[in-house]
Amino acid sequence: MRGIKKVMLYAYTANNLGDDLFIHILCTRYPNTKFICYAPKTYQQTFSYLHNLHIVPNDRFLNKLVHTTLKPYQKEYVIREQIARDCEIGIYIGGSLFMEQDNWKAEARNFDSMKHCHSSFFVLGANFGPYHSQEFLNTYKTLFQGITDICFRDNYSKALFSDFQNIRQAADIVFQFSNATYKVEEKNQLVISVIYPSVRNNLKSFDNLYFHAIATIIIQSIKEGYNVILMGFCKEEKDDLAIDTILSIIPKQWHHQIQTYQYTTHLPSAIELISESSAIIATRFHAMILGLVFHKPVFPIIYSEKMKTVLEDIEFPNLYSTVQNIDCVSPSQVTETFHQEPIDIHNFIQSADKQFDMLDQFLN
């Protein structure tokens, strides 16, 4: 163990496929670094194959017992900080890490707690926003000062902090996912990644429109000979309920050509479904990125500005829609996109590697 660097890893640990991919890519890139993550016990199962990642369960009985003895203002980070102070380096990795939501001030305190535990601190893979107040932006302009390195995944976020020397931009980290171990035979199947729109404040009134539009696309796809897989990326964000709702709309006569898959803890099986499919309808951001990584035709359905800004950054040439306007695109227009040539992502793979430029200097 002598000479091995210890890194405290902070991430969104809610069994979300996209965020779990971030952890996988980071830990496999630095096999001689020991990563420590304070996360639910299920993550011991998810990443049992990563021998350089140690999960300290945040939901074990002892931790809950300690929290019951603390005063409210002491509870937030006391155990995590105790673990983190043994690590010189901290890394906060994820996508939508800085959004102005109802609890944003608590999230800002959380971020402040992370960075103050380490002499070197990195933020990788994120985008900034959506936000609507100057107070939110100014708060993070203060918090971002003195951080070792911040690498956003989109040009919009970088431009908000154009005068910060410690802030850079590179393509989304999942463009660095290696598809070499997934050389499987392509099947005549369509993966549709779904969300439950009203989980997000900006989409509260679009459940019915979205679910019915996906149902009509599924029926059209089956008529054209495709088997369909309805795929959920995050159970905590109600993807599984979205799948159930869509199925309830579709007449029973079509159900025998529809499969469902809800990601929980097994990354390889989820990735394999995408790798063996012939096309992807992606409401989830990283379903879109994985589809591109595996050279699949992708029809993106934008649920957040982060998808729009990345599509603009990569100059996506094909048809896409938003959740709000999905009923303006006919099912046959969607299925036509399945026959388009996949776009060349070579430049984005190279760009995504630059997310780690500064970290390489510390860990390699």
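Each remark here, short or long, concerns the structure printed above.
Scope of this entry: the structure provided in the associated data block. (Residues numbered from 1 in each chain as written. Predicted model: local features only at pLDDT ≥ 70, side-chain atom pairs only at ≥ 80, totals over all residues. Heavy atoms only, no water.)

## Describing the sheet that holds strand β13 (residues 321-322)
And step 1. Spatial strand order, β10-β9-β8-β11-β12-β13: six strands in an open sheet with parallel pairing. Looking at which strands have only one partner, the edges of the open sheet turn out to be β10 (258-262) and β13.
And step 2. Here two bridges tie strand β12 (residues 298-302) to β13, and the two strands are oriented parallel to one another. Bridging across to β13, Ile301 finds its partner in Ser321. (Pairing = 2+ DSSP bridges. Helix = DSSP H or I, 4+ residues; strand = E, 2+ residues; numbered from the N terminus.)

## What about unusual backbone geometry?
And step 1. Residue Gly129 is joined to Pro130 through a cis peptide bond whose omega torsion reads 5°.
And step 2. In this fold, Pro130 is placed in the loop between β5 (120-126) and α6 (134-143).
And step 3. Even without being a glycine, Asn15 presents a positive backbone phi close to 55°.
And step 4. Turning to its location among the elements, Asn15 is positioned in the loop between β1 (6-10) and α1 (17-29).

## Some remarks on the nonpolar core
And step 1. Core analysis: the largest hydrophobic core is formed by 102 residues, its most contacted members being Leu53, Ile91, Ile218 and Leu230.
And step 2. The contact partners of Leu53, leaving out residues within four places of it in the chain, are Leu9, Ile23, Cys27, Phe35, Cys37 and Phe47.
And step 3. Residues Met8, Tyr10, Phe111 and Phe144 belong to the second largest nonpolar core, which totals 33 residues. (Core = buried A, V, L, I, M, F, W, Y, C linked by side-chain atoms within 4.5 Å. Buried < 20%, exposed > 50% of the residue type's maximum accessible area, 1.4 Å probe, protein only. Contact = heavy atoms within 4.5 Å.)

## Considering the environment of Lys235
And step 1. Within the fold, Lys235 resides in the loop between β9 (227-232) and α9 (239-249).
And step 2. Along the chain, Lys235 and Ala14 lie 221 residues apart, while their C-alpha atoms are 8.4 Å from each other.
And step 3. Residues contacting Lys235, with those up to four places away along its chain left out, are Asp240 and Gln262.

## So, the packing of aromatic side chains
And step 1. Summed over the entire model, instances satisfying the criterion amount to 33 aromatic pairs.
And step 2. Seen from the ring of Tyr196, Lys238 lies directly overhead, with NZ or CZ sitting 5.8 Å from the centre. (Phe/Tyr/Trp six-rings, centres within 6.5 Å; stacked < 30°, edge-to-face > 60°. Lys NZ or Arg CZ within 6 Å of the ring centre and 35° of its normal.)

## Regarding the pairing of β12
And step 1. Among the five residues in β12, five count as buried, and that is most of the element.
And step 2. Of the two faces of β12, both are covered, the one formed by Val298, Pro300 and Ile302 as well as the one formed by Phe299 and Ile301.
And step 3. Two elements, strand β11 (residues 279-282) and β12, share three bridges in a ladder whose sense is parallel. Bridging across to β12, Ile281 finds its partner in Phe299.

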